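Summary of the model geometry
One letter stands for each residue in the lines below.
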Amino acid sequence: MSPRPPSRAQIDLFPEHPVIERLDPRTVVGPRTAAQAVIRVRMRTVESPHLVFHDRHGWYCETHGATCEAVAVAREAPVPTVSPVSPVSPVLPVLPVLP
């Protein structure tokens, strides 16, 4: 049996999970933007964040383009769901009737 060639990939002893933050496209780009989503992805704490955009051109990182690994992370990020707001009437305490 021949020995296995050494692997060149570095193993993370303490792997970090990406931090994903959804931003308001109108605030980041401007009020007339056609961007559907702007997501800030920080892959590791020592790296600068990636801004990932989703617009008519598709998904892409501001710095590295569509092949950036942050794009794949942003696409898999869960989309927050907004529950329908029902009108709620204020609850007033029932006061006893005095004679």
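These figures come from a predicted structure and were not determined experimentally. (Residues numbered from 1 in each chain as written. Predicted model: local features only at pLDDT ≥ 70, side-chain atom pairs only at ≥ 80, totals over all residues. Heavy atoms only, no water.)

**With respect to the nonpolar core**
Listed in full, the eleven residues of the largest apolar core are Ile 39, Val 41, Met 43, Val 52, Trp 59, Cys 61, Cys 68, Ala 70, Val 71, Val 73 and Ala 74. Contributing elements (two or more residues each) for this core: β2 (37-42), β4 (58-61) and α2 (69-76). Counting residues per element, this core draws most heavily on α2, which supplies four residues. If sequence neighbours within four positions are ignored, Ala 74 has contacts with Arg 22, Ile 39, Val 41, Val 52 and Trp 59. (Core = buried A, V, L, I, M, F, W, Y, C linked by side-chain atoms within 4.5 Å. Buried < 20%, exposed > 50% of the residue type's maximum accessible area, 1.4 Å probe, protein only. Helix = DSSP H or I, 4+ residues; strand = E, 2+ residues; numbered from the N terminus. Contact = heavy atoms within 4.5 Å.)

**Quick word on the sheet that holds β4**
Ordered by their spatial adjacency, four strands build an open sheet running β1-β2-β3-β4, and the pairing between neighbours is antiparallel. Strand pairing shows two members of the sheet lacking a second neighbour, β1 (19-23) and β4, which therefore form its edges. Direction aside, neighbouring strands of the sheet carry axes that sit 20° apart on average. Bridge count between β2 and strand β3 (residues 50-55): five bridges; the pairing is antiparallel. Each residue of the ladder has a partner; that of Val 41, found in β3, is His 50. With respect to the sheet, α2 is in contact with β1, β2, β3 and β4, its orientation differing from that of β4 by roughly 130°. (Pairing = 2+ DSSP bridges. Axes fitted to C-alpha atoms, helices over the stretch in contact; angles between N-to-C directions.)

**Remarks on the packing of aromatic side chains**
Summed over the entire model, instances satisfying the criterion amount to one aromatic pair. Between Phe 53 and Tyr 60, the ring centres sit 5.7 Å apart and the planes meet at 25°, which makes this aromatic pair stacked. With relative accessibility at 10%, the residue Phe 53 sits in the buried group. Here Tyr 60 falls in the partly exposed class, since its relative accessible area comes to 26%. (Phe/Tyr/Trp six-rings, centres within 6.5 Å; stacked < 30°, edge-to-face > 60°.)

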